[in-house]
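Structural overview for review
One letter stands for each residue in the lines below.
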Amino acid sequence: MKTKNYASYLKHPVFKVASQVVTENNLQAYVIGGFVRDLLLERPSKDIDIVVVGNGLDLAKEIATRLRVSKVSVFENFGTAQFKYKDLDVEFVGARKESYRRDSRKPIVENGTLADDQNRRDFTINALALSLHQENFGEIIDPFNGLDDLEKGIIRTPLDPDITYSDDPLRMMRAVRFATQLGFKIETESLNALQRNAERLNIISGERIIDELNKIILAEEPSRGFKLLNSTKLLHQFFPEMIALQGVETIDGKSHKDNFYHTLEVLDNISENTDKLWLRWAAIMHDIAKPPTKKFDTEIGWTFHGHEELGARMTYRIFKRLKLPLDAKMKYVEKLVRLHLRPISLVKGNVTDSAVRRLLFEAGDDIEDLMTLCNADITSKNEFKVQKYKKNFELVTMKLKDVEEKDQIRNFQPPVSGEIIMKAFDLKPCNEIGVIKTTIKDAILEGTIPNEFEAALEQMLIIGKDLGLTLSNDFQMPKNNIFTTDKK
Ligand code: ATP
Ligand code: MG
């Protein structure tokens, strides 16, 4: 067993005080797991786990008292206690031994030694323990050569990987997640075990799977994770729509691109420009409906007509199944998927002001994110094509800026309110009001009239007349949109 001293890493007052209390009471207690791993990798980490041989609760309370922390959350049933100290989250748990039976997902948990506790951990690099007792303060207890693996960048299970993964299949997602986050390699035996046990992922709840998946997506190069999920068949268990993107078909010598790898390229591209999880999700989803819309046309080759619309509609279903949120975040992804072709298709025709205004109107405040997605979507093996697209893309960006400055369409509010329309034509709430509003909006987006109150008011009178409405006798032309009470 390797012993190395890392006392200099434990300068924080929490460790000083913990060490005092541990030593005075002659306890065995260790900082363990992810915090130690991240400390050695110099990755910032705020969650400290302390494992105590015996009861961790009293130790937690005493350390908290000395640090003048008044609130300690104690979970008697789990034998854990937790408190916050400054920006750190410190958790105490008694060392435990876990044994699994084949027929049950729940382990039998008993009190154990440090070694027992290390045995139940998922990876060698997550089983490192730093001693807090003064007599070996800062010494690393590393029964599985986790330090070597940390140095070499290897993900390895402490015990037989088939057992580790089968006992708790979430560990398979964690293996891929750590490999992706840390840029590590999954050791061959483990990799084979992942394939053998992939189907066991089905006993894990969607929420826990998605937590790990989101961490993969937020990594620097998320494609690494997806490639691993694919080759191990883990992805097949929960995201078949992404698997369906794979493959290239050729008819009459014409092939389409492999949309799985294209999607991963877009995801990596976008990850260079954003850390927003939901924008990265939009990249994952943007072509999701290509398989169900794929057709071959003898004249033009492969087409995927309507994949943006169908993709937007698939978003809700997929988010629901994957236990992703169904609120504004889902709506945002849906919208970006729906609009993802629009900026580029602007380039193909004449970039008219009205087309730009319509795009601005539909994208609203998400226009920059849409452009980021669109930019990431420019992938081709042909560098000449890429350059051409990028140039066109810049053109659209400039045009958007121009039109935005001139017309301020982004957060379009109807310049004439429903209330003014009702007063003007003596109307109760009815369809005509909506018709007038939409027609005014369209006239502004088309550029027939400017995005200004007076012009819109004049337009209102014309439309009202066309609809056969009579102007109310006591209607006074307002000077501005003073009645704007409804935001429709
Ligand atoms: P992060 O905090 O970045 O998610 P972590 O490794 O700290 O990574 P936690 O979920 O905080 O992950 O867990 C802390 C420690 O608990 C891990 O380092 C590992 O030792 C152990 N652990 C967590 N989940 C499992 C699991 N499913 N099986 C075995 N050990 C686990
Ligand atoms: Mg952690």
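Sequence positions are assigned chain by chain, starting from 1 and proceeding in written order. Chain letters start at A and ligand numbers start at 1, both assigned in the order the entries are written. Only residues with pLDDT of at least 70 get local features here, since the model is predicted, and only at 80 or more are side-chain atom pairs given and counted; chain-wide, interface and lining totals rely on the full set of residues. Excluding hydrogens and water, the side-chain figures rest on all heavy atoms present in the structure.

We now examine the site of ligand 1. Here a residue is near a molecule or strand as soon as one of its heavy atoms is found within 4 Å of it. Taken together, 14 residues lie around ligand 1, and Gly 34, Arg 37, Asn 126, Asp 168 and Arg 171 are the ones closest in. Here Arg 121 contributes a side-chain N or O atom positioned 3.0 Å from an oxygen atom of ligand 1. Side-chain atoms alone can form a polar contact between residues adjacent in sequence; in general such a contact is a pair of N or O atoms within 3.5 Å, and within protein one must be able to donate a hydrogen while the other accepts it. A distance of 2.8 Å separates an oxygen atom of ligand 1 from a polar atom in the backbone of Asn 126. Using a 1.4 Å probe, the Shrake-Rupley method yields the accessible areas, and only the shown protein chains count as cover for residues. Protein chains shield 75% of the accessible area of ligand 1, which is 580 Å² for the free molecule. Cavities and pockets are found on a 1 Å grid laid over the protein atoms alone: a cavity is a set of points where a 1.4 Å probe fits but cannot escape, a pocket is an open set with protein on both sides within 12 Å along at least five of seven lines, and a lining residue has an atom within 4 Å of such a point. Occupancy of a cavity or pocket is assigned to a molecule whenever over half of its atoms lie within 2 Å of that pocket's grid points. When atom positions are compared with the pocket grids, ligand 1 is found to occupy the largest pocket. Of all the secondary-structure elements, those providing two or more residues to the shell around ligand 1 are α2 (34-41) and α7 (170-182). Of the residues forming the shell around ligand 1, the biggest block, four residues, is contributed by α7. Of the residues contributing to the shell around ligand 1, the split by class is one nonpolar, three polar and 10 charged. Split by domain, the shell around ligand 1 shows at least three residues from each of two domains, domain 1 (6-152) and domain 2 (154-238). Helix and strand definitions here come from DSSP, where helices need a minimum of 4 consecutive H or I residues and strands a minimum of 2 consecutive E residues; each element is numbered from the N-terminal end. Under this grouping Gly is polar, as are all residues other than the nonpolar Ala, Val, Leu, Ile, Met, Phe, Trp, Tyr, Cys and Pro and the charged Asp, Glu, Lys and Arg. For the domains described, the bounds stem from an automatic or database domain assignment.

Relative to the helices and strands, Thr 157 is located in the loop between β10 (154-155) and α6 (161-167). Thr 157 sits in the buried class, given a relative accessible area of 5%. We call two residues in contact whenever any of their non-hydrogen atoms come within 4.5 Å of each other. Apart from residues lying up to four places away in sequence, Thr 157 is in contact with Asp 122, Phe 123, Thr 124, Thr 164, Tyr 165 and Ser 190. Relative accessible area decides the class of each residue, using a 1.4 Å probe on protein chains only: under 20% of the type maximum gives buried, over 50% gives exposed, and in between gives partly exposed.

What follows is about helix α3 (residues 56-66). Burial in α3 covers these residues: Gly 56, Leu 57, Leu 59, Ala 60, Ile 63 and Ala 64. The arc that holds the buried residues of α3, viewed along the axis, is 165°, so those residues lie on one side. Turned more than 90 degrees from where α3 packs its buried face, Asp 58 and Thr 65 sit exposed. Check the buried side of α3 and you find it contacts α1 (13-24), β1 (29-32), β2 (47-52), β3 (73-75), β4 (80-85) and β5 (88-94). If you check the start of α3, you find a side-chain oxygen 2.6 Å away from the backbone N of Leu 57, and it comes from Asn 55. Of the residues trailing α3, Arg 68 is marked for its positive phi of about 60°. The directions from the helix axis to the C-beta atoms are what the arc is built from.

Grid points are joined across faces, edges and corners, and a volume is the space filled by probe spheres set on the points. Of the volumes computed, that of the largest pocket is approximately 1400 Å³. Looking at the largest pocket, it is lined by 44 residues, and the ones nearest its centre are Asp 49, Arg 120, Arg 121, Asp 122 and Arg 174. At the level of elements, α2, β2, β5, β6 (96-99), α7 and α9 (206-217) are the ones that each hand at least two residues to the lining of the largest pocket. The biggest single contributor to the lining of the largest pocket is α7, with six residues. Here the lining of the largest pocket is composed, by residue class, of 13 nonpolar, seven polar and 24 charged.

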